Amino acid sequence: MIGQQIFNGLTLGMAYALIAVGYSLVFGILRLVNFSHGSVYAFGAHAALLFVGMKLGIFPAILMSLIFTGVLGILIDKTALEPLRKKKSMPIASLITTIGISNIIQNMLTATFGSQKKAFPALFDFGVISVGKLQISWTQICMCIISLMLMLVLVLLVHKTKIGLAMRACEQNPKAASMMGINVNFIISFTFFLGGVSAAIAGALISGYYQIVYPNMGYMAGLKAFAAAVLGGIGSLPGALIGGLLVGVSESMAATFLGSTYRDCMAFIILIIVLIVRPNGLFGKKGITKV
Amino acid sequence: MLKIENLHTYYGNIHALKGIDLEVKEGEIVSLIGSNGAGKSTLLSTITGVAHAKSGSITFKSNNITNIPTYHIANTGISISPEGREVFPALTVEENLRLGAYIVKDKKKIEEGYERVYKLFPRLQERYKQTAGTLSGGEQQMLAIGRALMSNPQLLLLDEPSLGLAPNIVLLIFDLIRSINEQGITILLIEQNANMALSVSNRAYVLENGTVSMSGDAKQIANDPRVKKAYLGQA
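Computed from a predicted structure; not experimentally measured.

Pulling in residues and values, what's your account of the overall build of chain A?
Looking only at helices and strands, chain A has 11 helices and 4 strands in total. The C-alpha extent of chain A, read off along each of the three principal axes, is 60 × 45 × 35 Å. Burial status across chain A gives 48% buried among its 291 residues. Taking all contacts inside chain A whose residues are at least 6 apart in sequence as the whole, residues at least 24 apart take part in 75%.

Below, the structure is given as structure tokens:
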């Protein structure tokens, strides 16, 4: 029973981790909590649903949704956030803007798709395997593998490629980075694109798991993923993974042992406890001192 | 090579540069001296597109580069070692240098860049895996200059390279500035340490309250009684 719940929680946590990565990436480079990210995730799920409905086949449909959601990320930055940066406005202006964008996206989804819950086709539905007492569905296994692979790709991208090096440079010192010939706004757009893509992947995976999508699905998932990102240490990719897993497991344990009414508060109780003990999160770097 | 004509820049409401004319010829070391707030750093920011010129022009090798976006400046052949060094503290020495060659596409040229920099600054080679934040002030200054050399620039802008360094390190840095120039790189040097700056320069400009108050041969400027009194600490 416990083993089963831990496994269910890990699966869910993997998907949270994918959403959390989006918060971490954008926070790393802009020191901004992008509260529109939950809605971007809901948009990804709806885009996948729309393209599936066009009978493109499930995987081309998901691929299309990744591209569209990535582009949505870029649009958010270009239309609302970049103009604020140009005006050198206060950080809080960008923050409230992201909350506003979140509501706009959610509203658009409701207007286009209706507010009711809609069925989403199951992904990787190849049945269930039993390992001892554990019942593991292929959907769960594939969710874990895909999420882990994506995390790995992201880590390699940030640490082993030229554009990743440019991302880390912009994170530490945008002015010096632009003196090196790096177009900082391009790097920020690219980061928003990555955030959108990872949110869309999470959207498709979670929707395929629960087989349901609805416009405000991003609200709670977004907040929990944000909690996961802070829990792990915002800005750190391994932190997002561990944070996501912790939130997922604690949630499924709470649902089993305390009843499902408690599942949504668990992530935040753990968040508060961890932050009191380790203010920078589990993998958080101490504030970078600019020399 | 670099020609600045009647340049005006405002910092908010402050008229920081009031019509600057300045020229750097190929192969020279030109120094720009002046006290705090004279406009030295504003001039450099205006050249690199960080600050916005209100009027006037900046020409580099007959291209008008007035108010170009900062990230295009490296492509023109100008490289900067900024004031306060501005290295990337959490990246390694090697990664910092790699970023200096960000605009260089040719892998071989990047390798040559590393070789050139490590030859000038053997200390950086010893510490190539260390993060820049753990280096001493002098080493960080070497890294900032090395990073600027990675793109094999034609003109190197050095902003306050001696700031906050021990006297023996300052001597070392100025020796290196001379040898960089001997490799054919033109240098515009901005310094508060007028003594050192004038000793390595061909020509110099003295900046006061946003205008050029004096310019000419570095030796003549060093011997000018007004400069001696105001900047060289001699009566």
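There's more to say after this.
Break down the pairing of strand S1 (residues 2-11) of chain B for me, citing the residues and quoting the values.
Residue and element names in this part refer to chain B. The pairing of S1 with strand S2 (residues 14-24) spans 8 bridges and is classified as antiparallel. Of the residues in S2, the one forming a bridge with Ile4 is Leu22. Counted between consecutive antiparallel strands, the loop separating S1 from S2 contains 2 residues, among which Gly12 sits at a positive phi close to 60°. Here S1 runs beside strand S4 (residues 53-60); their pairing, made up of 6 bridges, is antiparallel. Pairing of Thr9 across the sheet is with Ala53, part of S4.

Can you explain the sheet that holds strand S7 (residues 155-159) of chain B? Please cite residues and give values.
Residue and element names in this part refer to chain B. Pairing in this open sheet of 6 strands is mixed, and the strands run S6-S7-S8-S3-S9-S10 from one edge to the other. Of all strands in the sheet, those bounded by a partner on one side alone are strand S6 (78-81) and strand S10 (211-217). The mean angle between the axes of side-by-side strands here comes to 15°, regardless of whether they run parallel or antiparallel. The pairing of strand S3 (residues 29-33) with strand S8 (residues 186-191) spans 5 bridges and is parallel. Across the sheet, residue Leu32 finds its bridge partner in S8, namely Ile190. Of the strands in this sheet, S6 and S7 are in contact with helix H6 (residues 137-149), which crosses S6 at around 170°. Its contacts with the sheet put helix H7 (residues 167-182) on S3, S7 and S8, and the angle it makes with S8 is roughly 155°.

With reference to specific residues and values, describe the environment of Ala61 of chain A.
Residues and elements named next belong to chain A. By the secondary structure assignment, Ala61 is in helix H3 (residues 58-86). Taking C-alpha positions, Ala61 is 7.9 Å from Leu49, a pair spaced 12 residues apart along the chain. Every residue in contact with Ala61, bar those within four places of it in the chain, is listed here: Ala48, Phe51, Val52 and Leu56.

Please give an account of the nonpolar core that cites residues and values.
Most often, soluble globular proteins keep nonpolar side chains buried together rather than apart. Of all hydrophobic cores here, the largest spans 156 residues; its most connected members are Ala17, Ala20, Ala169 and Ala228 of chain A together with Leu189 of chain B. Apart from the residues lying within four places of it in its own chain, the contact partners of Ala228 of chain A are Tyr16, Ala17, Ala20, Ala240, Gly243, Gly244 and Val247 of chain A.

With reference to specific residues and values, describe the interface of chain B and chain A.
The interface of chain B with chain A comprises 24 residues on the first partner and 17 residues on the second. Looking at which element gives the most residues to the side of chain B that touches chain A, the answer is helix H3 (residues 93-100) of chain B, with 4 residues. For the side of chain B that touches chain A, the per-class residue count stands at 14 nonpolar, 6 polar and 4 charged.

How would you explain the sheet that holds S4 of chain B if you had to name every residue and give the values?
Strand order in the open sheet formed by 4 strands is S2-S1-S4-S5 (chain B), and the pairing between neighbours is antiparallel. At either margin of the open sheet sits one strand with a lone partner, and together these are S2 and strand S5 (63-64) of chain B.

Account for unusual backbone geometry, with residues named and values stated.
All names here are of chain B. With a phi close to 55°, Asn67 is a non-glycine residue in the positive phi region. Mapped onto the elements, Asn67 comes out in the loop between S5 and helix H2 (70-73). The exposure class assigned to Asn67 is partly exposed, which follows from the 13 C-beta atoms found within 10 Å. Despite not being glycine, Asn152 shows a phi value in the positive range, around 50°.

How would you summarise the confidence of the model for chain B if you had to cite specific residues and measurements?
Predicted coordinates in areas of low pLDDT are best not read in detail. All names here are of chain B. When the pLDDT values of chain B are averaged, the result is 93; 99% of them are 70 or greater. Mean pLDDT across the secondary structure elements of chain B bottoms out at helix H10 (residues 225-230), with 85, and peaks at H3, with 97. Here the prediction assigns the complex a pTM of 0.91, and the interface score ipTM is 0.91.

How would you sum up the UniProt feature "transmembrane region" (unreviewed entry) in chain A? Please name residues and give values.
All names here are of chain A. On the UniProt side, "transmembrane region" (unreviewed entry) is annotated at positions that read residues 12-33, 45-75, 95-116, 136-158, 184-206, 226-249 and 261-277 here. Structurally, residues 226-249 comprises 83% helix and 0% strand, and the distance from its first C-alpha atom to its last is 16 Å. Measuring from the first to the last C-alpha atom of residues 261-277 gives 27 Å, for a span that is 88% helix and 0% strand.

Pulling in residues and values, what's your account of the pairing of S7 of chain B?
Residues and elements named next belong to chain B. Among the 5 residues in S7, 5 count as buried, and that is most of the element. Here S7 shows two buried faces, one formed by Leu155, Leu157 and Asp159 and the other by Leu156 and Leu158. Of the pairings in the sheet, the one linking S6 to S7 comprises 4 bridges and is parallel in character. Bridge assignment links Ile78 to a residue of S7, and that residue is Leu155. Judged from the 5 bridges that link them, S7 and S8 form a sheet pairing that is parallel.

Each value, and the rule that gives it
Residues numbered from 1 in each chain as written. Chains lettered and ligands numbered in written order. Predicted model: local features only at pLDDT ≥ 70, side-chain atom pairs only at ≥ 80, totals over all residues. Helix = DSSP H or I, 4+ residues; strand = E, 2+ residues; numbered from the N terminus. Buried ≥ 20, exposed ≤ 12 C-beta atoms within 10 Å, placed from the backbone. Contact = placed C-beta atoms within 7 Å. Pairing = 2+ DSSP bridges. Axes fitted to C-alpha atoms, helices over the stretch in contact; angles between N-to-C directions. Core = buried A, V, L, I, M, F, W, Y, C linked by C-beta atoms within 7 Å. Nonpolar A, V, L, I, M, F, W, Y, C, P; charged D, E, K, R; others polar. pLDDT = per-residue confidence, 0-100. UniProt positions renumbered as here; feature names shortened; annotations may be inferred.

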